[in-house]
Amino acid sequence: TDPVKKLVGHILVGLILVLMADIRLTSMHGIFGIYDIPEWASIFLSLFAYIVIVNSFNLIDGVDGLAAGIGLISSMAFGIWFYLAGDLTMSCLAFTLGGSLLGFLAFNFSPAKIFMGDSGALIIGLIMSILAIKLIEFPKANLPDSLNQISKPVFAIAVLIYPLFDTLRVFIYRVVKRVSPFSADKKHMHHRMLKIGLTHRQTALTLYTVNLFIILLAVFSKGINPNYALLIIAGAAIIIGQIPFIMKKK
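Residues numbered from 1 in each chain as written. Predicted model: local features only at pLDDT ≥ 70, side-chain atom pairs only at ≥ 80, totals over all residues. Heavy atoms only, no water.

A. The arrangement of the packing of aromatic side chains in detail. The tally for this structure, following the rule as stated, stands at four aromatic pairs. Judged by centre distance (5.4 Å) and plane angle (85 degrees), the ring pair of Trp81 and Phe82 falls under edge-to-face. Take Trp81 and Phe82: they sit in the same class, and that class is buried. Geometrically, the ring pair formed by Phe82 and Phe138 is edge-to-face, given 6.5 Å between the ring centres and 65 degrees between the ring planes. One end of the pair, Phe82, is in helix 3 (residues 66–85); the other, Phe138, is in the loop between helix 5 (117–136) and helix 6 (145–148), and 56 residues separate them in sequence. Exposure class is identical for Phe82 and Phe138. Each is buried. (Phe/Tyr/Trp six-rings, centres within 6.5 Å; stacked < 30°, edge-to-face > 60°. Buried < 20%, exposed > 50% of the residue type's maximum accessible area, 1.4 Å probe, protein only. Helix = DSSP H or I, 4+ residues; strand = E, 2+ residues; numbered from the N terminus.)

B. Broad picture of unusual backbone geometry. In this structure, Pro111 follows Ser110 across a cis peptide bond, with omega equal to -5 degrees. Residue placement: Pro111 occurs in the loop between helix 4 (88–108) and helix 5. Of note in the backbone geometry, His29 takes a positive phi value of approximately 55 degrees without being a glycine. Assignment of secondary structure puts His29 in the loop between helix 1 (3–20) and helix 2 (39–59).

C. A positive patch on the surface, seen in detail. Together, Lys177, Lys187, Lys195 and Lys249 make up a region of like positive charge exposed at the surface. By the secondary structure assignment, Lys177 is in the loop between helix 8 (161–176) and helix 9 (189–195). (Patch = residues over 30% accessible without salt bridge, like charges linked within 9 Å, V, L, I, M, F, W, Y side chains within 5 Å. Areas by Shrake-Rupley, 256 points an atom, 1.4 Å probe, with all protein chains shown as cover. Salt bridge = Lys/Arg side-chain N within 4 Å of Asp/Glu carboxyl O. Lys, Arg positive; Asp, Glu negative; His and termini not counted. Charge placed at Lys NZ, Arg CZ, Asp CG, Glu CD.)

D. View of the packing of helix 3 against helix 7 (residues 152–159). For the pair helix 3 and helix 7, the least separation of the axes is 9 Å and the interaxial angle reads 155 degrees. The pairing of helix 3 with helix 7 is recorded here as roughly antiparallel in orientation. Seen from helix 3, the contacting residues are Ser74, Ala77, Phe78 and Trp81; seen from helix 7, they are Lys152, Phe155, Ala156 and Val159. Partitioning the contact of helix 3 with helix 7 into residue classes produces six nonpolar, one polar and one charged. (Axes fitted to C-alpha atoms, helices over the stretch in contact; angles between N-to-C directions. Parallel < 35°, antiparallel > 145°, perpendicular 65-115°, else oblique. Contact = heavy atoms within 4.5 Å. Nonpolar A, V, L, I, M, F, W, Y, C, P; charged D, E, K, R; others polar.)

E. Representation of the nonpolar core. Ranked by size, the top nonpolar core spans 71 residues in total, and within it Phe78, Trp81 and Met128 carry the most contacts. With residues near it in sequence (within four places) discarded, Met128 still touches Ile53, Phe57, Gly71, Ser74, Ser75, Phe78, Leu97 and Leu160. (Core = buried A, V, L, I, M, F, W, Y, C linked by side-chain atoms within 4.5 Å.)

F. Inspection of the pattern of salt bridges at higher detail. Applying the stated criterion across every chain, the model contains three salt bridges. Note that Asp118 and Lys6 form a salt bridge whose closest N and O atoms lie 2.8 Å from each other. Placement of Asp118 in helix 5 and of Lys6 in helix 1 is noted, with a sequence separation of 112 residues between them. Under the relative-accessibility criterion, Lys6 is labelled partly exposed at 23%. Residue Arg169 pairs with Asp166 through a salt bridge whose shortest N-O separation is 3.5 Å. Here Arg169 and its partner Asp166 are both found in helix 8, three residues apart, which amounts to about one turn of the helix. Note on accessibility: Arg169 and Asp166 belong to one class, buried.

G. Broad picture of helix 7. The element helix 7 is largely enclosed, with a buried count of seven among its eight residues. All of the buried residues in helix 7 are Lys152, Pro153, Val154, Phe155, Ala156, Ala158 and Val159. Buried residues in helix 7 make contact with helix 3, helix 5, helix 8, helix 10 (200–220) and helix 11 (226–246).

In short, geometric facts, not functional conclusions.
Listed below in structure tokens is the structure:
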């Protein structure tokens with residue numbers, strides 16, 4: 001599909017979610033010292049978040065079981081958070097996605113018998129973006145103390161760290177190289193891991209572990225200033241993300 005046509009489709013779906021369903025970010029919750037944001041910024045930021053999250057899951061679907069496994073880990077993390085927060089509706093949505101991905105992963109893990117394709121990856125991204133925005137916007141007064149100490153935006157970013165980090169890294173690389181940010185290439189982290197000699201199975205399992213580690217890092221950073229917590233998880237992601245590019249081919 002033409003990337004521009006696909007982007008127009010994403011914007012239309014995003015606007016329906018943001019403007020009609022009112023699923024949007026209304027505050028930065030102290031990130032960069034910003035709290036409440038004006039409505040125009042809220043609409044733009046929410047639309048941007050939706051497009052980035054949806055595309056990030058589509059872009060990591062390059063190794064058997066990777067998008068499904070990362071989706072499973074993320075949906076379980078969101079499901080547990082919403083369950084502890086007492087929001088059973090969003091918890092059910094997250095666990096339902098997790099259960100369907102677990103069933104799918106049984107046939108999609110290397111060597112894969114079935115494949116996800118754009119439709120599957122985009123649906124995962126769509127539900128993830130809703131879960132992330134709903135989590136960030138969850139009323140602070142309704143949260144138990146244990147969850148209140150964890151920065152909501154930092155936790156949401158940590159849960160989605162691999163797809164977000166890999167997409168950002170590839171887009172920056174393409175812009176620096178003066179090629180279209182939407183062009184396909186083999187510069188993703190999972191491509192590099194295959195190149196240095198890891199199998200599909202080893203690549204997927206390594207990236208699952210990294211994602212889980214970053215989520216735990218966010219949980220253990222509770223009580224820390226959200227900017228420092230964000231710095232810790234972003235720093236850890238950047239350092240870990242460089243390892244496959246330093247290692248030599250087997």
